Amino acid sequence: MARDIIVVSGLAEGIDTAAHRTAIEAGGHTVAVLGTPLSKPYPANNAALLDTIKRDHLAVSQFSEDHPVRKDNFPRRNRTMALLTDATIVVDASETSGTRHQAWEALRLNRSFFCWKTSPPIQT
């Protein structure tokens, strides 16, 4: 049953990295949605993880190879993740977290949204 869930996450440090690795180690499936071109892992220390995902799972990006890495790429990536998934699960999100943007996009798109913990709480 657990293998029927596909983890879709953004390859960021922390919970994203843990989610991708856990899915892989459990024999499940994962999709990395990048805020960068496919050839530019961000953060760079996730290059090996991205290679594994590209080889054995799926990595997607809406950014062309010549597109610069910019801060505003990441809210666009979060919207893409909300579009690709049936549900968004927030484990932890600070006030400035891009995860909050994805949560609002999920709600706006009428997708399921589950929240474990945020600081401060998300107001609905």
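Look up: the structure comes first, before these words.
Residues numbered from 1 in each chain as written. Predicted model: local features only at pLDDT ≥ 70, side-chain atom pairs only at ≥ 80, totals over all residues. Heavy atoms only, no water.

Undergrad: Got a sec to walk through helix α2 (residues 47-56)? Specific residues and values, please.
TA: Among all positions of α2, only L49, L50 and I53 are buried. In a view along the axis of α2, the buried residues occupy a sector of 100°, so they form one face of it. Facing away from the buried side of α2 by more than 90 degrees, the exposed set consists of A48 and R55. In this structure, the buried residues of α2 make contact with α1 (15-25), β2 (29-34) and β3 (58-61). (Buried < 20%, exposed > 50% of the residue type's maximum accessible area, 1.4 Å probe, protein only. Helix = DSSP H or I, 4+ residues; strand = E, 2+ residues; numbered from the N terminus. Arc of directions from axis to C-beta. Contact = heavy atoms within 4.5 Å.)

Undergrad: A description of the nonpolar core should follow, citing residues and the corresponding values.
TA: Ranked by size, the top nonpolar core spans seven residues in total: L11, A32, L34, L49, L50, I53 and A59. Those elements that place two or more of their residues in this core are β2 and α2. When residues in this core are grouped by element, the largest group, three residues, is from α2. Beyond its immediate chain neighbours, meaning those up to four positions away, A59 contacts A32, L38, L50, I53 and K54. (Core = buried A, V, L, I, M, F, W, Y, C linked by side-chain atoms within 4.5 Å.)

Undergrad: Would you mind going over the pairing of β3 in detail, with residue names and values included?
TA: Pairing between β2 and β3: four bridges, direction parallel. Residue pairing for β3: L34 is matched across the bridge by S61. Traced from β2 through α2 to β3, the parallel crossover comes out right-handed. (Pairing = 2+ DSSP bridges. Right-handed = clockwise from strand over helix to strand, strands pointing away.)

Undergrad: Go over the sheet that holds β3, please, and point to the residues and values.
TA: Ordered by their spatial adjacency, three strands build an open sheet running β1-β2-β3, and the pairing between neighbours is parallel. Two strands lie at the open edges of the sheet, namely β1 (6-9) and β3, each paired on one side alone. Pairs of neighbouring strands in the sheet enclose a mean axial angle of 15°, with direction left out of account. Of the strands in this sheet, β1, β2 and β3 are in contact with helix α3 (residues 73-84), which crosses β2 at around 145°. (Axes fitted to C-alpha atoms, helices over the stretch in contact; angles between N-to-C directions.)

Undergrad: Let's hear about a nonpolar patch on the surface: which residues, and what values?
TA: A grouping of I15, I89, V91, F114 and W116 is seen on the molecular surface, where their side chains present a nonpolar patch of about 590 Å² in accessible area. With respect to the helices and strands, the residue W116 is situated in the loop between β6 (112-115) and β7 (118-119). The class of W116 is exposed, set by a relative accessible area of 71%. (Patch = residues over 30% accessible without salt bridge, like charges linked within 9 Å, V, L, I, M, F, W, Y side chains within 5 Å. Areas by Shrake-Rupley, 256 points an atom, 1.4 Å probe, with all protein chains shown as cover. Salt bridge = Lys/Arg side-chain N within 4 Å of Asp/Glu carboxyl O.)

Undergrad: Account for the pattern of salt bridges, with residues named and values stated.
TA: Throughout the structure, instances matching the rule amount to four salt bridges. A salt bridge links D56 to R55; its shortest N-O distance comes to 3.0 Å. With relative accessibility at 59%, the residue R55 sits in the exposed group. In this structure, R70 engages D72 in a salt bridge whose closest nitrogen and oxygen atoms are separated by 3.2 Å. A relative accessible area of 40% means that D72 is categorised as partly exposed.

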